[in-house]
Amino acid sequence: MSLPTMNPITHADCEQLDQQDSLASFRDMFAIPEGMIYLDGNSLGVRPKAALARAIEVVEQEWGTGLIKSWNEADWFQLPQKLGDKVAKIIGADEGEVVVTDSTGINLYKVLAAALTQRPDRKVIVMNGSNFPTDNYMAQGLVEQLGDGYEIRFIEQDNVMAAIDDDVAAVCLTHVHYKTGSIFDMAAITAKAHSVGALTIWDLCHSAGALDVQLNECNVDFAVGCTYKYLNGGPGSPAFIFSAKRHHGKALQPLTGWWGHADPFAFERDYRPASGIDQMLSGTQPILSLAVTEVGLDIFLQADIEQVRRKSKQLTQLFIDLMAQRCSEYGFSLVSPVDGDLRGSQVSFNHDDGYPVMQALISRDVVGDFRAPKNVRFGFTPLYISYSDVWDAVDRLVNIMETQLWKQPEFNQRGAVT
Ligand SMILES: *Cc1c(COP(=O)(O)O)cnc(C)c1O
């Protein structure tokens, strides 16, 4: 299946692509509000229909009736590892290398600290200055706490290779840029880092569930990422943490709570690290949220990741082409890479009036988001977005620009969350 080469693209072309779509049946597994075109799955994925029944079951039965027995009987205690093994399949890791726990930011702190202990004679961390800020904030907190000459060397995508020299302890980057959707070359950057003796940490927030990630093939050392974006785990669902087997028992994370202890129920006075991936855990986990997260993972595991990636590239390409065809006179400039191989599952444009334009679009049930100062962002989750959705989204946007709906005062007041 390929995109229509005829110009202009028509609505019928989009319907035809839908008919040929091998992933089309997944859409019915998700509860998408009637009439809504949801292009924000890169911020918060939609609810799997089965999540509701699972939530009721875990609250009513496992918590309500089972109570404390459920730690064993419902296998609550092993949920971080059980879900971790499922995530491992999605990101090219092996069993026993991933746990689902805590938030992305906290996990980043843990693995960055663990990596630095492996390179005690080096003080430089390479990071992307325009990354989603929490990664950088967490690293800044760690550097402040460590003192002792640690520093962050901020780079942008075009100078990352030159910044990796033998002062560098760790290269800590996000695989797909949260604003532009641009993909960093995981294989080449990891190889370069290793060639100078540095370790790598990859944030997969915008890749897991959208791209064919191959952590072990790329020889990555550590990774983190969230489950509430393309993996549809629910608001604030726990994140994941990957540590390559070769680092187990050596690169230890510093939040040494009892769940990371070698024998948690021995209640010993002193911390002894667990030997495997369990050491990445710190404490009691949000079981309700973990249980629901599993529903999203189980759906994703039924999909062929290569088909997901192919559809993702086609959806984003269709959107870019339709914007060029129908919306070119309204001041949108493409920020995302034109080459689909370099683009994640989202498309961003800069627009001087991006905020009110997005608000007006949301009022017409096309939900994307806005990232300051002038970035309008559209995420395309291949499991529930159709080619006709892309057509309809552009259609409604064209209408908003033609009628200047976005100039109305109600679209110019800012909420706390953009
Ligand atoms: C979404 C996202 C996060 C989220 O961090 P939380 O700890 O869950 O708030 C972190 N990093 C990146 C790059 C993200 O895109």
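None of these values were measured; they are calculated from a predicted model.

Further remarks concern the nonpolar core. Counting residues in each nonpolar core, the largest one holds 98 residues, and the members touching the most others are Ile91, Leu204 and Phe332. Ranked by residue count, the leading element in this core is helix α12 (residues 387-403), at 9 residues. Those residues within four positions of leucine 204 in sequence are excluded, and the remaining contacts are Ile91, His175, Met186, Val213, Leu215, Ala223, Val224, Gly225 and Phe240. Residues Leu112, Ala139, Val224 and Ile277 belong to the second largest nonpolar core, which totals 29 residues.

When pLDDT is averaged along the protein chain, the result is 96, and 99% of the positions lie at 70 or above. When mean pLDDT is compared element by element in the protein chain, strand β9 (residues 222-225) scores highest at 99, while strand β14 (residues 369-371) scores lowest at 93.

Relative to the elements of secondary structure, arginine 309 occurs in helix α10 (residues 305-326). At 5.2 Å, aspartate 341 is the nearest oppositely charged side chain to arginine 309, a buried residue that forms no salt bridge. In this structure the side chain of arginine 309 is engaged in a polar contact, spanning 3.0 Å, whose partner is the backbone oxygen of arginine 343. Excluding its chain neighbours within four sequence positions, the residues that come into contact with arginine 309 are Ile183, Ala210, Leu211, Gly340, Asp341, Arg343 and Gly344.

Before going further, it helps to spend a moment on the pattern of salt bridges. Applying the stated rule across the entire model yields 19 salt bridges. Between aspartate 389 and arginine 27 there is a salt bridge; the shortest N-O distance is 2.8 Å. Of this pair, aspartate 389 sits in helix α12 while arginine 27 sits in the loop between α1 (11-19) and β1 (30-31), placing them 362 residues apart in sequence. One salt bridge in this structure joins lysine 374 and aspartate 352, with 3.3 Å as the shortest N-O distance. Pair noted here: lysine 374 is in the loop between β14 and β15 (375-379) and aspartate 352 is in the loop between β12 (346-350) and α11 (354-363), with a separation of 22 residues, a long-range link. Look at aspartate 352 and you get exposed, because its relative accessible area is 65%. Beyond isolated ion pairs, a larger network of salt bridges with shared partners links Lys82, Lys86, Glu294 and Asp298.

What follows concerns the packing of helix α4 (residues 79-91) against helix α9 (residues 287-301). At a closest axis distance of 10 Å, the pairing of α4 and α9 adopts a crossing angle of 25 degrees. Overall, the two elements α4 and α9 adopt an arrangement that is roughly parallel. The handedness of the crossing between α4 and α9 is left-handed. Here Leu79, Pro80, Lys82, Leu83, Lys86, Val87, Lys89 and Ile90 of α4 come into contact with α9, specifically with Ile287, Leu290, Ala291, Thr293, Glu294, Leu297, Asp298, Phe300 and Leu301.

Looking now at the packing of aromatic side chains. One pass over the structure, following the stated rule, counts 15 aromatic pairs. Note on phenylalanine 319 and phenylalanine 349: the rings are 6.0 Å apart at their centroids and 65 degrees apart in plane angle, and the pair reads as edge-to-face. Highlighted residues: phenylalanine 319 in helix α10 and phenylalanine 349 in strand β12, separated in sequence by 30 residues. The exposure class assigned to phenylalanine 319 is buried, which follows from its relative accessible area of 1%. With centroids separated by 5.1 Å and ring planes inclined at 55 degrees, the aromatic side chains of phenylalanine 319 and phenylalanine 380 adopt a geometry described as tilted. Of the two residues, phenylalanine 319 is situated in helix α10 and phenylalanine 380 in the loop between β15 and α12; the sequence distance between them amounts to 61 residues. In textbook terms, an aromatic cluster arises when at least three aromatic residues are bridged by ring pairs, as seen for Trp71, Trp76, Phe77, Trp258, Trp259, Phe265 and Phe267. Taking NZ or CZ as reference, lysine 229 lies 5.6 Å from the ring centre of phenylalanine 132, over its face. Here the guanidinium or amino end of arginine 414 rests over the ring plane of tyrosine 355, the centre of that ring lying 4.4 Å away.

Another aspect to go through is the sheet that holds strand β11 (residues 333-334). Spatially, β11-β12-β15-β14 is the arrangement adopted by the 4 strands of the open sheet, whose pairing is antiparallel. The open sheet has two edge strands with one neighbour each: β11 and β14. Contacting β11, β12 and β15, α10 crosses the sheet at an angle of about 30 degrees to β12. Along the sheet, α11 makes contact with β14 and β15, crossing β15 at roughly 35 degrees.

The rules behind these values
Residues numbered from 1 in each chain as written. Predicted model: local features only at pLDDT ≥ 70, side-chain atom pairs only at ≥ 80, totals over all residues. Heavy atoms only, no water. Core = buried A, V, L, I, M, F, W, Y, C linked by side-chain atoms within 4.5 Å. Buried < 20%, exposed > 50% of the residue type's maximum accessible area, 1.4 Å probe, protein only. Helix = DSSP H or I, 4+ residues; strand = E, 2+ residues; numbered from the N terminus. Contact = heavy atoms within 4.5 Å. pLDDT = per-residue confidence, 0-100. Lys, Arg positive; Asp, Glu negative; His and termini not counted. Salt bridge = Lys/Arg side-chain N within 4 Å of Asp/Glu carboxyl O. Polar contact = N/O pair within 3.5 Å; in protein donor to acceptor, adjacent residues only side chain to side chain. Axes fitted to C-alpha atoms, helices over the stretch in contact; angles between N-to-C directions. Parallel < 35°, antiparallel > 145°, perpendicular 65-115°, else oblique. Left-handed = near helix turned anticlockwise from the far one by under 90°. Phe/Tyr/Trp six-rings, centres within 6.5 Å; stacked < 30°, edge-to-face > 60°. Lys NZ or Arg CZ within 6 Å of the ring centre and 35° of its normal. Pairing = 2+ DSSP bridges.

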